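Observations on the three-dimensional arrangement
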Amino acid sequence: MDGTRSPSGLVPLSALPLASLDLETTGLDVARDRVIQVGVALLDGPVLLDTPRMDCLVRPDIAVPATAARITGLDDAALADAPGLEQVLPRLADLLAGRIVIGVHIAFDLAILRAEAERRAMAWTEPPSLDIGMVLAALEPTLPHSGMEAVTGMLGVSVSRRHDALADAIAVAECYQRLLPRLSRAGVRTLAEARALLERRRDLVQREVASGWHADAGPAATEPARLDGTVFARTLRDVMNAPPVWIAPGTGLADAARIMIERRIGSLLVGPGHGVPSGIITERDLLGGLVNRSPEAGIEELMSAPVVSLGQDELLYRALARMDRLGIRHLAVTDGEGLACGMVSHRDLLHHRAREQLSVRDATATATTEQELATAYARVPEVAEGLLADGLDGRAIARVIGRELQAVTARMSELACERMAARGRRGPPAGYAVLVLGSGGRAESLLGADQDNALVHEGEPADDDWFAEFGSILTEGLAEAGIRLCDGGVMASNPVWRGTVDEWRDRVAHWLSRARPEDLLSVDIFFDLAPVAGERSLGHRLRQDAVAAAAATRPFLGLLAQSVTDTAPRLGFLGRLPVERGRVDLKRHGLLPLVSLVRALALRSGLDAASTAARLDAIEQAGRLGAADCAALLEFQNTCMTLVLRQQVEDMKNGAKPSNRVDLGGTPAQVQRALKSGMSRVATIISDLPALMGR
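Remember, predicted model here, so these are calculated numbers, not experimental data. (Residues numbered from 1 in each chain as written. Predicted model: local features only at pLDDT ≥ 70, side-chain atom pairs only at ≥ 80, totals over all residues. Heavy atoms only, no water.)

A short note on the overall build of the chain
Counting its regular elements, the chain contains 30 helices and 17 strands. The C-alpha radius of gyration of the chain comes to 30 Å, within 12% of the 26 Å expected for a compact globule of 695 residues. When the backbone C-alpha atoms are referred to their principal axes, the chain occupies close to 90 × 85 × 55 Å. In the chain, which comprises 695 residues, the proportion classed as buried is 54%. A total accessible area of about 29,600 Å² is found for the chain, and carbon and sulfur atoms account for 51% of it. Side chains of the chain give 76 positive and 89 negative charges; the mean places of these two sets differ by 4 Å. (Helix = DSSP H or I, 4+ residues; strand = E, 2+ residues; numbered from the N terminus. Rg over C-alpha atoms; globule rule 2.2 N^0.38 Å. Buried < 20%, exposed > 50% of the residue type's maximum accessible area, 1.4 Å probe, protein only. Areas by Shrake-Rupley, 256 points an atom, 1.4 Å probe, with all protein chains shown as cover. Lys, Arg positive; Asp, Glu negative; His and termini not counted. Charge placed at Lys NZ, Arg CZ, Asp CG, Glu CD.)

Right under this line is the structure:
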């Protein structure tokens, strides 16, 4: 985040850059009284920083009243040599820049700073703020008032030196730390949601307004960050150099240099020419290493190992972030089995780079706690807002969100293993794969997605004790990271959604032979699985076997087709959009029937593809649906996703939870016509589904 740009309301409270501010003054009359001490302590989310801080006395241009001197211990003599506010205010403004200012009765502190600046004709930009006393009062109606004593008392925070500005600012920061879990339990997680919570205590706000503490206008709305959409839309598969060039172990450095010059490339993989490389040697390695080595020396002396790699379906922004974090310029690209299939260099990606202050960093991969994961995942809504502003379409943004959900699940899987070891548990008793299901598995996630995950392992049923504990740590950790628990229990912590390879085969066979209509919602999301951690080949084989079995089971396909028919969109009287309470549920009337239709057709043809776009491409190639229909369905999906994401971002900025229900007021007529046309087309194709499935 740009250090001078105010955080968006979409940023979670656990990831906010904050400044806890407290002032000591000569009194409580904004028009007449003066600042005599300034205290500021900074926080990054819940982490209280030791530096920088401000602990500064201020010389007022009036005499300090006896009452103020008695309360603060600061009289005219103590302040005689202190700087004036005209010297302090610019330093304070620099310290507060880009942060949300928190405090108790913070409106008073900001009001008196505003008045002091006006008296001196100094420039002063009002920083955005959040009164934690009012937030606590909104949560706890029994709080007698929202003053410092009441707030610290309810939250159990002691103040080392009351009415010392820095000590009070630190106490406010500690109150914020203790307030966060209460807010999370109440479902209040973002800055916008906290501000919306204050509506419960309009009485307190009105008292401050009556006291003249509030400026006529609040801070200007934060413009969404502008992002380079290309890095969020293209994958490594799109830009990689394939196949990679290999060099055999034992080859001399001079031969390696000759191959690079002849092939005009900057790196070579070391190994047998396929599979997993044992190392990588780059042009920089050779340039630096040949100074002190013989050209006949073996490449093992200079190669780097292990080789850093990413999967071919990862988006470019993740490769850029990984290279930046590790300080490397070459990255191996792997296929679904984890085998090297290509290479990308920093030079290849350089023209795709987003501006540094707006780039998404590789924070997920380096997170060591659930809190750090939450901070990394917390950026997703703000990134979505920026990508919408940059004109990226909804389907591309949904893929970014889905990839981030997969990445958080993968990292939490690694942390779960570390937690197990810390408890004295041995390592995994057998190879395993963590699977993300549903929209997350398809990389078609919208904001506010919950968990849908599973686990497959190569052990015995007796090993379930280890994997049950692992699954509980995983799902609880994901919940702490901001991906809420699945209401339907589709999680690896549930024994129904984990098991051995044989148990999964039996489970799938049971689903296919005896599935009931009410089971299909859980069953069909299984076919969208994506392995994200562990031995991913286990997950790929499981999906391939399940798809092949489904394609050969006609009764299941018939039941699946019937369930899709039940989801068909239904326009209202005279073809009107199905509006309920002013909004249209574009998941119920758009995305759900579309995805279900495409999944059913893909399973009928035994197509092992997870995303809707990949399935439509394969369905068209198989001749099961025409090119015009496939293109229209893809465009309809994109329209629905774009509208839902715009609504979700707007709702979240207003403190509301993201949903799939869209207010179409103000939506251009052509977009509404496109929605009607898309719904009609989906319904028409669904009505032909029995014939399409029977081909």
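On we go.
Remarks on the pattern of salt bridges
On inspection of all chains with the given rule, the structure shows 36 salt bridges. Between Glu370 and Arg419 there is a salt bridge whose closest N-O contact spans 2.9 Å. On the criterion of sequence distance, the pair formed by Glu370 in helix H17 (residues 370-377) and Arg419 in helix H19 (residues 394-422) is long-range, its members being 49 residues apart. The class for Glu370 is buried, based on a relative accessible area of 13%. Given a relative accessible area of 23%, Arg419 falls into the partly exposed group. Its salt-bridge partner being Arg505, residue Asp502 comes within 3.4 Å of it at the nearest N-O pair. (Salt bridge = Lys/Arg side-chain N within 4 Å of Asp/Glu carboxyl O.)

Focus on the sheet that holds strand S9 (residues 309-311)
Pairing between the strands of a sheet comes from backbone hydrogen bonds, and it takes one of two forms, parallel or antiparallel. The sheet built from 3 strands is open, its strands ordered S9-S10-S11 with mixed pairing. Each of the sheet's edge strands pairs with one partner strand only, and the pair in question is S9 and strand S11 (340-345). For this sheet, the mean inter-axis angle between neighbouring strands, taken without regard to orientation, is 35°. Direction of pairing for S9 relative to strand S10 (residues 330-334): parallel, over a ladder of 3 bridges. The residue bridging Gly311 from the neighbouring strand is Thr334, located in S10. (Pairing = 2+ DSSP bridges. Axes fitted to C-alpha atoms, helices over the stretch in contact; angles between N-to-C directions.)

Thoughts on H19
With 29 residues, H19 should reach 42 Å at 1.5 Å per residue; the first-to-last C-alpha distance of 42 Å fits that figure. Counting buried positions over the 29 residues of H19 gives 21, a clear majority of the element. Two or three places before Arg395, at the opening of H19, Asp393 has a side-chain oxygen 3.2 Å from that residue's backbone nitrogen. Trailing H19 by a residue or two, Gly424 shows a phi angle of about 90°, which is positive. (Expected span 1.5 Å × (residues − 1). Polar contact = N/O pair within 3.5 Å; in protein donor to acceptor, adjacent residues only side chain to side chain.)

Considerations on the side chain of Thr334
Mapped onto the secondary structure, Thr334 falls in strand S10. On the basis of relative accessibility, which here comes to 12%, the residue Thr334 falls in the buried class. Residues contacting Thr334, with those up to four places away along its chain left out, are Ser309, Leu310, Gly311, Gln312, Leu339, Ala340 and Cys341. (Contact = heavy atoms within 4.5 Å.)

Quick look at unusual backbone geometry
Put simply, Ala242 and Pro243 share a cis peptide bond, and its omega is -10°. With respect to the element layout, Pro243 can be found in the loop between helix H11 (236-239) and strand S6 (246-247). In this chain, Ala305 is followed by Pro306 through a cis amide linkage whose omega measures -5°. Despite not being glycine, His105 shows a phi value in the positive range, around 55°.

Some thoughts on the packing of aromatic side chains
Taken as a whole and assessed by the stated rule, the structure comprises 11 aromatic pairs. An aromatic cluster is defined as three or more aromatic residues linked by ring pairs; in this entry it consists of Trp497, Trp504, Trp511, Phe526, Phe527 and Phe556. Over the ring of Trp504 we find Arg507, and its NZ or CZ is 4.4 Å from the ring centre. (Phe/Tyr/Trp six-rings, centres within 6.5 Å; stacked < 30°, edge-to-face > 60°. Lys NZ or Arg CZ within 6 Å of the ring centre and 35° of its normal.)

Some details on the sheet that holds strand S2 (residues 35-44)
What the 5 strands build is an open sheet, ordered S3-S2-S1-S4-S5; its pairing is mixed. Whereas interior strands pair on both sides, the edge strands pair on one side only; in this sheet they are strand S3 (47-57) and strand S5 (129-131). On average, each strand axis in the sheet is tilted by 25° relative to the strand beside it, whichever way the strands run. In this sheet, strand S4 (residues 100-103) lies alongside strand S1 (residues 17-25) in parallel orientation, the contact comprising 3 bridges. By the bridge assignment for S4, Ser20 is matched with Ile102. With respect to the sheet, helix H4 (residues 106-119) is in contact with S1, S2, S4 and S5, its orientation differing from that of S1 by roughly 70°. Relative to the sheet, helix H7 (residues 165-185) contacts S1, S2, S3 and S4, its axis offset from that of S2 by approximately 30°.

Considerations on the pairing of strand S7 (residues 267-270)
Side-chain alternation along S7 places Ser267 and Leu269 on one buried face and Leu268 and Val270 on a second face that is also buried. Pairing between S6 and S7: 2 bridges, direction parallel. Its bridge partner lying in S7, Trp246 is registered against Leu269. Regarding topology, helix H12 (residues 253-263) serves as the crossover connection from S6 to the parallel S7, and that connection is right-handed. Looking at chain direction, S7 and strand S8 (residues 279-282) are connected through 4 bridges and run antiparallel. Bridge assignment links Leu268 to a residue of S8, and that residue is Ile281. (Right-handed = clockwise from strand over helix to strand, strands pointing away.)

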